[in-house]
Amino acid sequence: MFEHEFRLAADICYLNHAAVAPWPQRTVHAVQRFAEENGRVGSQYYDHWLQTEQQLREQLQQLINAGSSDEIALLKNTSEALSVVAYGLDWCAGDEIVISDQEFPSNRIVWESLGPLGVRLVQVDMGSSSSPEQALVAAITPQTRLLSVSSVQYASGLALDLEVLGAECRRRGVTFCVDAIQSIGVKPFDVQACQADFVMADGHKWMLGPEGLAVFYCRREWIPRLALRQFGWHMVEVPGDYERKDWQPAASARRFECGSPNMLGVHALHASLSLLLEAGVDQVFKSVSSNVQYLIDLLIKHSVEIVSPIEPERRAGIVTFRVPGVASDTLFRDLRAQGVICALRGGGIRFSPHFYTSRTVLERAVGLALQVQEI
Ligand SMILES: Cc1ncc(COP(=O)(O)O)c(C=O)c1O
C-alpha cells in the first residue's frame, strides 16, 4: 500500500534500517519544498515552521504514548539526550548504574564518563541468567541509582521486556532510562506502560527520518529535577522576548533545547512520521515481524547460524546471522559490492528490513549471501 513511497534503486536490497534508513518520497518532497521556500522567501513563514515543529512534538507524543507533548524535547541525537540525563542527575560517590554488556557505545561511554565522580558502572552479562531481565534485576543493589538499557540491542536484535524492568525499577526506587532507537517506528512503544523516566531515539533509523534530530522524552516529574547544563535563548519560558533581562527555564522539556531548532530536520521527520502514523505502528510491526520471520525461515532452511533470538517476543526488526565456513567480514564486503545494504555487527551480518520491504528483496539478499558460501 505504501510501496510507492519508496523509490529505491532497482539494483539494491535495502536491509539497513537499524543503521540509517532511506527516506520515503513524502520526506524527499518535504525537504525539496523547504529548500525551495528558503531560496525564495527565506524565513518569511517562520510561524508555519513553528506549527510544523509543534505537530512533530505531537506525532512523537503519539508514537510513544507520552502524557503530553510538553514531555518531549527535540535534541540532536540519542547520545546528546543520554548526556543530558547523565549530567542532569545529581550523583554521589558510590552510586551505581546498571547497563547490559551488549549496549551500543552511546549507552556505555556516557556512564563511564561519570567514573571520576565515584560513580560505578555495572555491565551485566546478559547470558548469566535464563532471562535477560532477571540478569539485569539481579544486578540492582541498594546503591543502584539508574538502570539504562537499549530496548532492542543493536547487534543481536534482542528485545527486552521493558514493562518488567520498569516495574522493578519503580518498586526499588531506581531511575529507568531507555535508548529506544531500535524500537520507535518499528514496534509499539509506550512510555507509560513501561514506566520509563527517560527515553531517547534519533530519527534516522526506523522512524525513516534524517540524522541529527532526536526525540528526548523526560517524564513530567523529572523536568524540574534534571540540572541544566546547556543554556541559550530558546530554553527560556518566554523565548521571543529578547529585551527581557530576567528569565527562567521553560516549564516544559523545551528547557533542554538551548538554541535554534533544526528546522530542516523538523520538516523531514514530520513527513516521515506522518507516513508511519498513517500506516499505523501496529500494522508496521506486524509487517516487519512477518518479514523477519520469513528471513529467519529462509536462513534456517539453508543451515545458516542465526545470532539473533528467534522467539518472536524477543525481537523487533533485526536479524543477525553467520554463514558457516565464510568469514562475516568477507561476506559483508561481498554483499555490499552486490548492492545488499546491510551491516557487520556482533560478528555477523545484520539484516534489518522495514515494513515495506518486499519478499523479493529478502529472497534476493539471502540468495546472494548463500552464493558467497559456494565460492
Ligand atoms: C542502540 C543505539 N543507540 C544509539 C545509536 C546512535 O546514537 P546517536 O543517535 O547518538 O547517533 C545507535 C546507532 O546505531 C544504536 O543502535
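In what follows, the structure referred to is the one given above.
Residues numbered from 1 in each chain as written. Predicted model: local features only at pLDDT ≥ 70, side-chain atom pairs only at ≥ 80, totals over all residues. Heavy atoms only, no water.

A.B. asks: Explain the overall build of the protein chain here, please?
C.D. replies: Within the protein chain one finds ten helices and 13 strands. Each of the three principal axes of the protein chain carries a C-alpha extent, and together these read 70 × 60 × 30 Å. Across the 375 residues in the protein chain, those meeting the buried criterion constitute 55%. Of all intrachain contacts in the protein chain linking residues separated by at least 6 positions in sequence, the fraction that spans at least 24 positions is 68%. Accessible surface, the protein chain as shown: approximately 16,100 Å² in total, 51% of it carbon and sulfur. Mean positive and mean negative side-chain charge positions of the protein chain (33 and 43 charges, respectively) differ by 1 Å. (Helix = DSSP H or I, 4+ residues; strand = E, 2+ residues; numbered from the N terminus. Buried < 20%, exposed > 50% of the residue type's maximum accessible area, 1.4 Å probe, protein only. Contact = heavy atoms within 4.5 Å. Areas by Shrake-Rupley, 256 points an atom, 1.4 Å probe, with all protein chains shown as cover. Lys, Arg positive; Asp, Glu negative; His and termini not counted. Charge placed at Lys NZ, Arg CZ, Asp CG, Glu CD.)

A.B. asks: Sorry, what's going on with the site of the ligand here?
C.D. replies: Residues in contact with the ligand, as listed here, are Asn77, Thr78, Ser79, Phe104, Ser106, Ser150, Tyr154, Asp179, Ile181, Gln182, Asp202 and Lys205. Glutamine 182 is positioned with one of its side-chain polar atoms (N or O) 3.0 Å from an oxygen atom of the ligand. One nitrogen or oxygen atom from the side chain of aspartate 202 is found 3.0 Å from an oxygen atom belonging to the ligand. Against a free-state accessible area of 400 Å², the protein chains account for coverage of 89% of the ligand. Class assignment of the residues belonging to the shell around the ligand gives a composition of three nonpolar, six polar and three charged. (Near = heavy atom within 4 Å. Polar contact = N/O pair within 3.5 Å; in protein donor to acceptor, adjacent residues only side chain to side chain. Nonpolar A, V, L, I, M, F, W, Y, C, P; charged D, E, K, R; others polar.)

A.B. asks: I keep staring at the sheet that holds strand β6 (residues 175–179) and nothing clicks. Help me out?
C.D. replies: Consider a sheet: its strands pair through backbone hydrogen bonds, and that pairing is either parallel or antiparallel. Reading across the sheet, the seven strands line up as β2-β8-β7-β6-β5-β3-β4 and stay open at both edges, with mixed pairing between neighbours. Lying at the two open borders of the sheet, with one neighbouring strand each, are β2 (72–75) and β4 (120–124). Each strand of the sheet is rotated relative to its neighbour by a mean of 20°, with strand direction disregarded. Along the sheet, helix α6 (residues 162–172) contacts β5 (144–150) and β6; its crossing angle with β6, the most-contacted strand, is approximately 155°. (Pairing = 2+ DSSP bridges. Axes fitted to C-alpha atoms, helices over the stretch in contact; angles between N-to-C directions.)

A.B. asks: Any chance you could explain the sheet that holds strand β10 (residues 319–322) here in plain terms?
C.D. replies: Ordered in space as β9-β10-β13-β12, the four strands form an open sheet in which the pairing is antiparallel. The open sheet has two edge strands with one neighbour each: β9 (305–306) and β12 (343–345). Here two bridges tie β9 to β10, and the two strands are oriented antiparallel to one another. Within β10, the residue paired with glutamate 305 across the bridge is arginine 322. Packing against the sheet, helix α8 (residues 281–301) makes contact with β9, β10 and β13 (348–351), and its axis sits at approximately 10° to β10. Against the sheet, helix α9 (residues 328–337) engages β10, β12 and β13, with an angle of about 40° to β13.

A.B. asks: Would you take a moment to explain the pairing of strand β7 (residues 198–202) for this structure?
C.D. replies: Remark: a regular strand shows side chains that alternate across the two faces of the sheet. Where burial is concerned, most of β7 is hidden: five out of the five residues are buried. Residue alternation in β7 divides its side chains into two sets, Phe198, Met200 and Asp202 and Val199 and Ala201, and both sets are buried. Bridge count for β6 against β7 is three bridges, and the pairing is parallel. In the sheet register, aspartate 179 faces β7, and the bridge partner there is methionine 200. Pairing of β7 with strand β8 (residues 214–218) involves five bridges; the strand directions are antiparallel.

A.B. asks: How should the pairing of β13 be read in this particular structure?
C.D. replies: Of the pairings in the sheet, the one linking β10 to β13 comprises three bridges and is antiparallel in character. Note that in β13 the partner of threonine 320 across the bridge is arginine 350. Both β12 and β13 contribute to a ladder of three bridges, which runs antiparallel. Residue pairing in the sheet places leucine 344 in a bridge with isoleucine 349 of β13. The hairpin turn running from β12 into β13, its antiparallel successor, is two residues long, and glycine 346 in that turn takes a positive phi close to 55°.

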